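Residue-level listing of the chains:
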Amino acid sequence: MAERRVATKAAWYLGLLIIFAGAMWVPFYNRLEPRLFGVPFFYWFQFSWIIVTAIATALAYKARL
Amino acid sequence: MNWQALSVFIVLFAFVTVLGFYAARWRRGDLNSIDEWGLGGRRFGTVVTWFLLGGDLYTAYTFIAVPALVFGRGAIGFFAVPYTLLVFPFVFIVFPRLWSVARRHGYVTAADFVRGRFDSRLLGLLIAITGILATLPYIALQLVGIQVVIAAMGFDGTGLVGDLPLIIAFLILAAYTYTSGLRAPAMIAIVKDLLIYLTVIVAVIVIPMHLGGYGAIFDAIPTDKLLLAPPGGDSFGAYTAYATLAFGSALALFLYPHSVTGLLSASSRKAIKRNMALLPAYSLVLALIALLGYMAFASGVQHMPEYAPYFDRYGPNFAVPALFLHELPDWFAGLGFAAIAIGALVPAAIMSIAAANLFTRNIYREYLRPDCSDRHEAGTAKFVSLLVKVGALAFIVFLPSEYAIQLQLLGGIWIIQTLPAIVLGLYTRWLHRWALVGGWLAGMVAGTGMAAAQHFSSSIYPLEVGGFTVAGYAALYSLAMNLAVSVVLTFAFRFVGAHHGADATASEDYDEDIPRLA
């Protein structure tokens, strides 16, 4: 059981790491297109990444990390 | 004088003043103990902690400075978004450990923890001094926020008379912080956050309607401002600056004493973890606030003669006030200004309490009066919180506000030097206590030197690596230096067999949900 818990924990940390990487990988989102309702990609991507992070953290909380 | 805005402002300000004094009776406790006065009795549940931390971390200066940066420099100012986004997962993983160990051992400050963990009074003292040094200019900056909105309502007197509204506001704040302690900002934070949410939601709906929608706003911004400068022949452009600013600021945020105070006042580990999933709501608001900078730019307030004298005096910091005055009805602008001013009071109160806790616990009781009673300790903390606020006030009234801005910039570089002792200390005692002192010193000197090389006007340091320029946040560079020195010295001290000291904590202290009281 204990080993499984450790594995779950590691999986969650990995997920949070991907979130980090997404936020830090500037070359990926430093672009204007595609726009969303006239908003350049740079802005709407970072907006939506906030929501992704919030959901991931909430799931980690639910999983009693 | 803008009477409509001013009336709304005064009514709201009077309301929170009453709340501030009333807070002393809320969840009544013995305010003559530092645990009650300085940490609200560690009794705040998820909801109050959410408002308190939100009110604490998203300061008035944030609301003025972030859109000002976006207004003046464009995309780089948006770094505040990845910054606040990185903070919460990081805190979620690391800081519940600090809460547990502090609860178990009755630690009030991070310096208390470091002193116990590494058995080093000196290291505790250095952590405390760093915290105080980083906090003082931060308090002064809150005053800059109030100054700008007071000016926007038409108080443009100069000299001491011009600063009178600011002085009155701050003295009131000092009085209720003295009597009510952390309960005052906790209660006021609820009003503050509701006002901020209301202002921002209305602003981001109404203003784009005037300006022809978001598409039109972005179309009005020059393309080179909309994106970060891409990497060129011998540099990474603004990419590394953007990413390191976000990452470094995220690492630094919860090392600030006022963040630790907010965190330790939570009633349970669960309340903190839950908050890390709920606090991103503020990140969304911050992202919207950043966009206000573009709205101000698109509305053309910078070219309007009626605002020119203010832009001359406050620079881009006047962008948001000008936008509100120009695009919103006067009474609503007053509500927005009240939100910003009250948004300055909450963090200023918590910061002064945090600085007072540090001074009292880690300098006064540790070095000056080891035999002092709990009552005397709380009394000293209250007095110091007054002193700190008067000092910040004098700083802003008598010195140019650029000094506060430059010092706050240095504060970020300084506070991150406490990371090895605090954050790594939560996991391991492998680093030697004296090595941590050496690392701290190296980081402080290197970081201050990098900021000085930029004439204290920017915290971005252009690191040259083999003819290639990597512009990055000086705090992160100096932290790397700190860590490197700490590791090397740890090997050295281990090699000569220098004594480690005794750990006052046990490994199970870090994971308990409702720890026993020591």
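Residues numbered from 1 in each chain as written. Chains lettered and ligands numbered in written order. Predicted model: local features only at pLDDT ≥ 70, side-chain atom pairs only at ≥ 80, totals over all residues.

Details of the overall build of chain A
Note the following rule: Helix and strand definitions follow DSSP, with helices as H or I runs of at least four residues and strands as E runs of at least two, each counted in order from the N terminus. To get the radius of gyration, use the C-alpha atoms; to get the globule rule, take the number of residues to the power 0.38 and multiply by 2.2 Å. Any residue surrounded by 20 or more other C-beta atoms within 10 Å of its C-beta is treated as buried, while 12 or fewer makes it exposed and the intermediate range makes it partly exposed; C-beta atoms here are placed from the backbone.
Counting its secondary structure elements, chain A contains 3 helices and 0 strands. Listing every helix and strand of chain A by position from the N terminus yields α-α-α. In terms of C-alpha radius of gyration, chain A reaches 15 Å, well past the compact-globule figure of 11 Å for 65 residues. Here the C-alpha coordinates of chain A stretch approximately 50 × 20 × 10 Å along the principal axes. In chain A, which comprises 65 residues, the share counted as buried stands at 23%.

Re the overall build of chain B
Condition: Working definition of a contact: two residues with C-beta atoms, positioned from the backbone, lying within 7 Å.
Per the secondary structure count, chain B includes 25 helices and 2 strands. The globule rule puts the C-alpha radius of gyration for 518 residues at 24 Å, and the 23 Å found for chain B is close to it. Overall, the C-alpha framework of chain B stretches about 70 × 60 × 40 Å when taken along its three principal axes. Classification of the 518 residues of chain B by burial places 59% in the buried group. In chain B, the share of contacts with a sequence separation of at least 24, taken over all contacts with a separation of at least 6, comes to 85%.

Regarding the environment of B:Met351
Residues and elements named next belong to chain B. Within the element layout of this structure, Met351 appears in helix α20 (residues 330-368). In this structure, the C-alpha to C-alpha distance between Met351 and Ser385, residues 34 residues apart in sequence, is 8.8 Å. The contact partners of Met351, leaving out residues within four places of it in the chain, are Thr135, Tyr138, Ile139 and His258.

A word on the pairing of strand β1 (residues 460-465) of chain B
Residue and element names in this part refer to chain B. Applicable threshold: Think of it this way: DSSP has to see at least two bridges between two strands before they count as a pair.
Looking at chain direction, β1 and strand β2 (residues 468-473) are connected through 6 bridges and run antiparallel. Each residue of the ladder has a partner; that of Ile460, found in β2, is Tyr473. Between β1 and β2, which pair antiparallel and follow one another directly, the connecting turn spans 2 residues, one of which, Gly466, has a positive phi of 55°.

Remarks on the interface of chain A and chain B
Interface size is commonly expressed as the accessible surface area that is lost when the partners come together. Across the boundary between the two partners, chain A contributes 24 residues, which contact 30 residues of chain B. For the side of chain A that touches chain B, the elements supplying multiple residues, two or more each, are α1 (2-24), α2 (26-29) and α3 (41-62) of chain A. Residue contributions to the side of chain A that touches chain B peak at 11 residues, all from α3(A).

Looking at helix α21 (residues 374-398) of chain B
Residues three or four positions apart in an α-helix share a direction because the helix packs 3.6 residues into each turn. All names here are of chain B. Defined as follows: For a helix, the expected span equals 1.5 Å multiplied by the number of residues minus one.
Taking 1.5 Å of rise per residue, the 25 residues of α21 would be expected to cover 36 Å, and the 36 Å separating its terminal C-alpha atoms lies within 8% of that figure. Taken residue by residue, α21 has Glu377, Ala378, Thr380, Ala381, Lys382, Val384, Ser385, Val388, Lys389, Ala392, Leu393 and Ile396 as its buried positions. Packed against the buried residues of α21 are α2 (34-39), α8 (121-152), α10 (164-180), α20 and α22 (401-415).

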